[in-house]
Amino acid sequence: MAQWYQGNAYRLNSNGQYSVSRSYNAMIGHLPRYREMKLIWNRKLLPGHRFVLWLAYQQKLQTKSRLIQLNIPITDNVECCLCDQGVIETQQHMFGDCSWFKDMKEALTSWAAIKLPNMAIPELLKWINRRNWKHMKKEVATAIIGAMVYHTWQARNWRIFRQIALKLEFCTGQIKKEMVDRISMHEESKRAGQCSLLMQRICA
């Protein structure tokens, strides 16, 4: 902090007066700016979905492969517990190549008539952000991804920690219900009016 001063003059402000915000920014340094933040933290997603999607976007979910990288011991099998592919549980597998996730994605994207490519979560959100879509469609697509990531992660945790195997059909139905409840709250908005076909398809 001594470098913030030259003599008795505060160097971080042009007028020499102390600034809490400038001092705070100097302490934390440069932080990356994520262009997809507005998509992830939009109100079409349930709060829990936003949080888990934010972790997935930053590749910080505690998958078995990540625990191994962090030198945290794993007492059970390191393979994905949601499919029988015999593949180590990584985030790329869980939200991309896993048959559980792929079947869920196929069911929900067909239901909403929104085509999404097979990409890792960070790249998929960047892809959506670059689309020449109406803002509402981008938010709905992100909400579907957030719900899929949340319920897949929940099904994984329930199977590991509770020994309860949630059925794919149950999770898919739950997501549809959550989507209808959440999206219908914005049915009268101007943005919804610009995507009337999408709103009718989801909220019908």
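Below or above, wherever it landed, is the structure these notes cover. (Residues numbered from 1 in each chain as written. Predicted model: local features only at pLDDT ≥ 70, side-chain atom pairs only at ≥ 80, totals over all residues. Heavy atoms only, no water.)

### A short note on the overall build of the chain
And then number 1: Helices and strands together make up the secondary structure of the chain, namely 11 helices and two strands.
And then number 2: Written out in order from the N terminus, the α and β elements of the chain read β-β-α-α-α-α-α-α-α-α-α-α-α.
And then number 3: Relative to its 204 residues, the chain shows a buried fraction of 43%.
And then number 4: For the chain, the accessible area works out to roughly 12,100 Å², and carbon and sulfur atoms hold 51% of it. (Helix = DSSP H or I, 4+ residues; strand = E, 2+ residues; numbered from the N terminus. Buried < 20%, exposed > 50% of the residue type's maximum accessible area, 1.4 Å probe, protein only. Areas by Shrake-Rupley, 256 points an atom, 1.4 Å probe, with all protein chains shown as cover.)

### Remarks on the pattern of salt bridges
And then number 1: Tallied over the full model, the rule gives five salt bridges.
And then number 2: Its salt-bridge partner being R191, residue E139 comes within 3.6 Å of it at the nearest N-O pair. Of this pair, E139 sits in helix α8 (residues 135-162) while R191 sits in helix α10 (residues 190-193); the two residues are 52 residues apart in sequence, bridging distant segments of the chain.
And then number 3: Across the pair D181 and K177 runs a salt bridge whose closest N-O atoms are separated by 3.2 Å. Placement of both D181 and K177 in helix α9 (residues 168-184) is noted, with a separation of four residues, approximately one turn of the helix. (Salt bridge = Lys/Arg side-chain N within 4 Å of Asp/Glu carboxyl O.)

### Describing the packing of helix α6 (residues 99-112) against α9
Two measures define how a pair of helices packs: the angle their axes make with one another and the distance between the axes.
And then number 1: Put simply, α6 and α9 touch, their axes get as near as 10 Å, and they point 40° apart. In this structure, α6 meets α9 at a crossing whose hand is right-handed. Touching W100, D103, M104, A107, L108 and W111 of α6 are L168, C171, T172, I175, K176, M179 and V180, all from α9.
And then number 2: Along the lines of polarity and charge, the residues of the contact of α6 with α9 split into 10 nonpolar, one polar and two charged. (Axes fitted to C-alpha atoms, helices over the stretch in contact; angles between N-to-C directions. Left-handed = near helix turned anticlockwise from the far one by under 90°. Contact = heavy atoms within 4.5 Å. Nonpolar A, V, L, I, M, F, W, Y, C, P; charged D, E, K, R; others polar.)

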